[in-house]
Amino acid sequence: MALAWIVLILSGMLEAGWALSLKASEGLSKLWPSVSFVALLVLSMVGLSYALKTLPVGVAYGVWVGIGAALTAILAVVLFDEPVTVLKVISLVLIVAGVVGLNLSGGGH
């Protein structure tokens, strides 16, 4: 089960990668960001699929989306100069709290 969690966390990080690559591809009009988008998307889905063999879907999907969403938002500020607002920071904290809550609920054990 530990390996499933590691793969799930890495897959969530890859989700952020494909989302950022999609942004950088400018509507899939730039070759290398588009190639990166497809590769990272496939790897992310394969990892999620692997994790779902062991972990409950509600918890695993929530963690995968939460990691991807939070990391995407943070990296978008750094890479694309998106503004940082109090509401954005609070929302990211709530996402992380939700992921922690899902894990503490016992659904992942």
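Note that this is a predicted model, so its numbers are computed, not measured.

S.K.: Got a minute to help me understand the overall build of the protein chain in this structure?
M.R.: If you tally the helices and strands in the protein chain, you get four helices and zero strands. The order of α-helices and β-strands along the protein chain, N terminus first, is α-α-α-α. Its C-alpha atoms give the protein chain principal-axis dimensions of about 40 × 35 × 15 Å. Taking contacts inside the protein chain between residues at least 6 apart in sequence as the whole, the part at least 24 apart equals 68%. Accessible surface, the protein chain: about 6400 Å² in total, of which carbon and sulfur atoms supply 78%. The averaged location of the 4 negative side-chain charges in the protein chain is 6 Å from the averaged location of its 4 positive side-chain charges.

S.K.: Even after reading the chapter, I still don't get the nonpolar core, so can you show me in this structure?
M.R.: Note on soluble globular proteins: their nonpolar side chains tend to be buried together. Core analysis: the largest hydrophobic core is formed by twelve residues, namely Ala 4, Trp 5, Leu 8, Leu 48, Ala 51, Leu 55, Val 59, Ala 60, Val 63, Trp 64, Ile 67 and Val 99. Sorting the residues of this core by element identifies α1 (2-24), α2 (31-52) and α3 (57-80) as the ones contributing at least two each. No other element matches α3, which puts five residues into this core. In contact with Ala 4, other than residues within four places in its own chain, are Tyr 50, Ala 51, Thr 54 and Leu 55.

S.K.: When you look at the confidence of the model for the protein chain in this model, what are you seeing that I'm missing?
M.R.: Regions with low pLDDT carry predicted coordinates that are not meant to be interpreted in detail. Scored by pLDDT, the protein chain has a mean of 94; 96% of the residues are at 70 or more. The weakest mean pLDDT in the protein chain belongs to helix α4 (residues 86-104) at 91; the strongest belongs to α2 at 98.

So, how was this worked out
- Residues numbered from 1 in each chain as written.
- Predicted model: local features only at pLDDT ≥ 70, side-chain atom pairs only at ≥ 80, totals over all residues.
- Heavy atoms only, no water.
- Helix = DSSP H or I, 4+ residues; strand = E, 2+ residues; numbered from the N terminus.
- Contact = heavy atoms within 4.5 Å.
- Areas by Shrake-Rupley, 256 points an atom, 1.4 Å probe, with all protein chains shown as cover.
- Lys, Arg positive; Asp, Glu negative; His and termini not counted.
- Charge placed at Lys NZ, Arg CZ, Asp CG, Glu CD.
- Core = buried A, V, L, I, M, F, W, Y, C linked by side-chain atoms within 4.5 Å.
- Buried < 20%, exposed > 50% of the residue type's maximum accessible area, 1.4 Å probe, protein only.
- pLDDT = per-residue confidence, 0-100.

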